[in-house]
Each structure stands twice: as structure tokens, then as C-alpha cells.
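Spelled out from the first residue to the last, the chains are:
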Amino acid sequence: AQSVTQPDIHITVSEGASLELRCNYSYGATPYLFWYVQSPGQGLQLLLKYFSGDTLVQGIKGFEAEFKRSQSSFNLRKPSVHWSDAAEYFCAVSGGSQGNLIFGKGTKLSVKP
Amino acid sequence: EAGVAQSPRYKIIEKRQSVAFWCNPISGHATLYWYQQILGQGPKLLIQFQNNGVVDDSQLPKDRFSAERLKGVDSTLKIQPAKLEDSAVYLCASRPPVWTSDYNEQFFGPGTRLTVL
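Residues numbered from 1 in each chain as written. Chains lettered and ligands numbered in written order. Predicted model: local features only at pLDDT ≥ 70, side-chain atom pairs only at ≥ 80, totals over all residues. Heavy atoms only, no water.

### Some points on unusual backbone geometry
Residue and element names in this part refer to chain B. Backbone torsion omega between serine 7 and proline 8 reads -10°, so that peptide bond is classified as cis. Looking at the secondary structure, you find proline 8 in the loop between β1 (5–7) and β2 (10–13). Cis peptide bonds are those with omega within 30 degrees of zero, and the linkage from glutamine 80 to proline 81 qualifies with -5°. Looking at the element boundaries, proline 81 is found in the loop between β8 (75–79) and β9 (88–95). In this model, arginine 16 sits at a positive phi of 80°, which is unusual for a non-glycine residue. (Helix = DSSP H or I, 4+ residues; strand = E, 2+ residues; numbered from the N terminus.)

Quick look at the structure:
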């Protein structure tokens, strides 16, 4: 069965520091992978997605993610975090023809000034 | 382009009462999803529509939840009767047509936060 694991429930980083959020997935074939961000009281906004090709994908707001098939991972990175990045981040996988998304439990990011 | 619209944004009800949520997807999006997001968890699919037909409702608690999309555009999700464990954010999402470049992307509405007391 498809599943997504985000091992870190809550991460705190200092403003200006680098960030890496971990995501591991379980899927039998090549998955479609997504990172979404959710600010308090808001819906989900897509940061980036991987379907095929270059395993390093660039997204909005300076985020990037790297697909590593051998590790079944799709970690999200940002070189310098801004206070406005404080939010909850969800990794998701989709592989069926229906396009259903399976989400991880999310990682809450706090940013220290 | 207008995004996915949902209403109400917040709802508080007593257990055993009924409640309905409304979603209007992005124009031209034939596929519509309802997700339930319990506090501290990621969204979980409840039901998927393709136009006015149900594609997947395997995770919908059908004894109390129902959903419809009669004209293939907007959709309503209903809970009757509500239980305490139904407290969650209910997210609606829509997906572009198959011939578009972002076909595999889902666009989410702001959600409806339901509190059952």
C-alpha cells in the first residue's frame, strides 16, 4: 500500500539558516511526489512536484527537493529560511490513475528570529 | 483565474446534529475531491468525483457522510448525525483536465473547520 512518512513532527530553525524536511514514501512504481505548505487557517499550496526527469526540482519561494529512488526519499530543502516560512509542510504521493493523493502527517516548521 | 471556493469557513455544531459543506471548484475542472484533515494529521481522501459520478468513495463513512455533485460543477458534503470525532478541517480540491500540463496537480480550497461539541 502507498504511504508517506515524515519523521519530524516539529522543527525549529533560526532565520537565515538552512532547512531540510524529510519525506520517505512507499510505492510500487515510480510515484508522483509533491510538497505542499499550509499556513494557519489556509488551504494547501503546492510548493513543487516531481513526475520524472531531473531528480532535483525547483519550486516556489526558493524551495527545492531531490528525488532519490534508492532511498525512497523526497526531501525538501531551502538554503536560507525566512520568518514567513513558518507553516506546516506536507509531503504527498500519487500514483494511481485516479490521481489520489496520500499525505504524510506533516512537519511543523517554526522560525526563530 | 478564481480558485476553489468553500463555505462556510467555520462551523460549530452539537453532536448528533447535521451539517453541510459546499465547494465550487475551478472552472473547467471535472475532477473534484473531498479530504478530511484531523488536527495533527495529513489530509485523508473521503471521496472523488469525475463530473457528476463518484470515482472513489471507499474511505467515506457512508453511515453518516454523504456527498453529491449533481450538475458536475459544485459539490456538497453532508454529515448526519455528527460525532465528536468528525471535528476536522474539510478540504475540497479540484484537478485540471487531462490535456493540460498540470493534470496531475490538485488545487485546494481554504477548507471548512468543523468543531463538534
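That covers the picture; the talk isn't over yet.
### Description of the sheet that holds β1(B)
Residue and element names in this part refer to chain B. One open sheet holds the 4 strands; their spatial order is β1-β3-β8-β7, and the pairing between them is antiparallel. If you trace the sheet from one side to the other, it starts and ends with β1 and β7 (65–68), each paired once. Going from strand to strand, the sheet's axes swing by 15° on average, the running direction of each strand aside. One ladder, built from 5 bridges, connects strand β3 (residues 19–24) with β8; its direction is antiparallel. Residue alanine 20 lies in a different strand from β8, and its bridge partner there is lysine 78. (Pairing = 2+ DSSP bridges. Axes fitted to C-alpha atoms, helices over the stretch in contact; angles between N-to-C directions.)

### Here's the deal with the side chain of Asn75(A)
Residue and element names in this part refer to chain A. Note that asparagine 75 resides in strand β9 (residues 73–78). Among the residues examined, asparagine 75 registers a relative accessible area of 15% and is labelled buried. Those residues in contact with asparagine 75, other than ones at most four positions away along the chain, are Glu20, Leu21, Arg22, Cys23, Trp35, Glu64, Ala65 and Glu66. (Buried < 20%, exposed > 50% of the residue type's maximum accessible area, 1.4 Å probe, protein only. Contact = heavy atoms within 4.5 Å.)

### Quick notes on the pairing of strand β6 (residues 53–56) of chain B
Residues and elements named next belong to chain B. Where strand β5 (residues 44–50) and β6 come together, 3 bridges link them in antiparallel fashion. Across the sheet, phenylalanine 49 pairs through a bridge with valine 54, a residue of β6. If you look at the hairpin formed by β5 and β6, you'll find 2 residues sitting between the two strands, and asparagine 51 has a positive phi there, around 55°.

### Describing the side chain of Thr31(B)
All names here are of chain B. When you line up the elements, threonine 31 lands in strand β4 (residues 31–37). You can call threonine 31 buried: its relative accessible area is 5%. A polar side-chain atom of threonine 31 sits 2.5 Å from a polar atom in the side chain of glutamine 50. Ignoring any residue separated from it by four or fewer positions in sequence, one finds threonine 31 in contact with Gln48, Phe49, Gln50, Arg69, Ala93, Ser94 and Arg95. (Polar contact = N/O pair within 3.5 Å; in protein donor to acceptor, adjacent residues only side chain to side chain.)

### Some words on the state of the cysteines
Scanning the entire structure with this criterion turns up 2 disulfides over all chains. There is a disulfide in this structure between Cys23(A) and Cys91(A), and the S-S distance comes to 2.0 Å. Handedness here is read from the sign of the S-S torsion; for Cys23(A) and Cys91(A), about -65°, the answer is left-handed. Of this pair, Cys23(A) sits in the loop between β3 (19–21) and β4 (24–26) while Cys91(A) sits in strand β10 (residues 87–94), placing them 68 residues apart in sequence. A residue is classified by how much of its surface remains accessible, and Cys91(A), at 0% relative accessible area, is buried. For Cys23(B), the disulfide goes to Cys92(B), at an S-S distance of 1.9 Å. Here the disulfide of Cys23(B) and Cys92(B) is left-handed, its torsion about the S-S bond being about -70°. Of this pair, Cys23(B) sits in strand β3 while Cys92(B) sits in strand β9; the two residues are 69 residues apart in sequence, bridging distant segments of the chain. Accessibility classification places Cys23(B) together with Cys92(B) in one group, the buried group. (Disulfide = S-S within 2.5 Å.)

### A word on the pattern of salt bridges
Taken as a whole and assessed by the stated rule, the structure comprises 7 salt bridges over all chains. Residue Lys49(A) is joined to Glu105(B) by a salt bridge in which the shortest nitrogen-to-oxygen separation is 3.1 Å. A residue pair is termed interchain when its members come from two chains, as with Lys49(A) in strand β6 (residues 44–50) and Glu105(B) in the loop between β9 and β10 (107–108). With relative accessibility at 27%, the residue Lys49(A) sits in the partly exposed group. A relative accessible area of 11% means that Glu105(B) is categorised as buried. Each of Glu64(A), Glu66(A) and Arg77(A) takes part in salt bridges that share partners, so that together they form one network. (Salt bridge = Lys/Arg side-chain N within 4 Å of Asp/Glu carboxyl O.)

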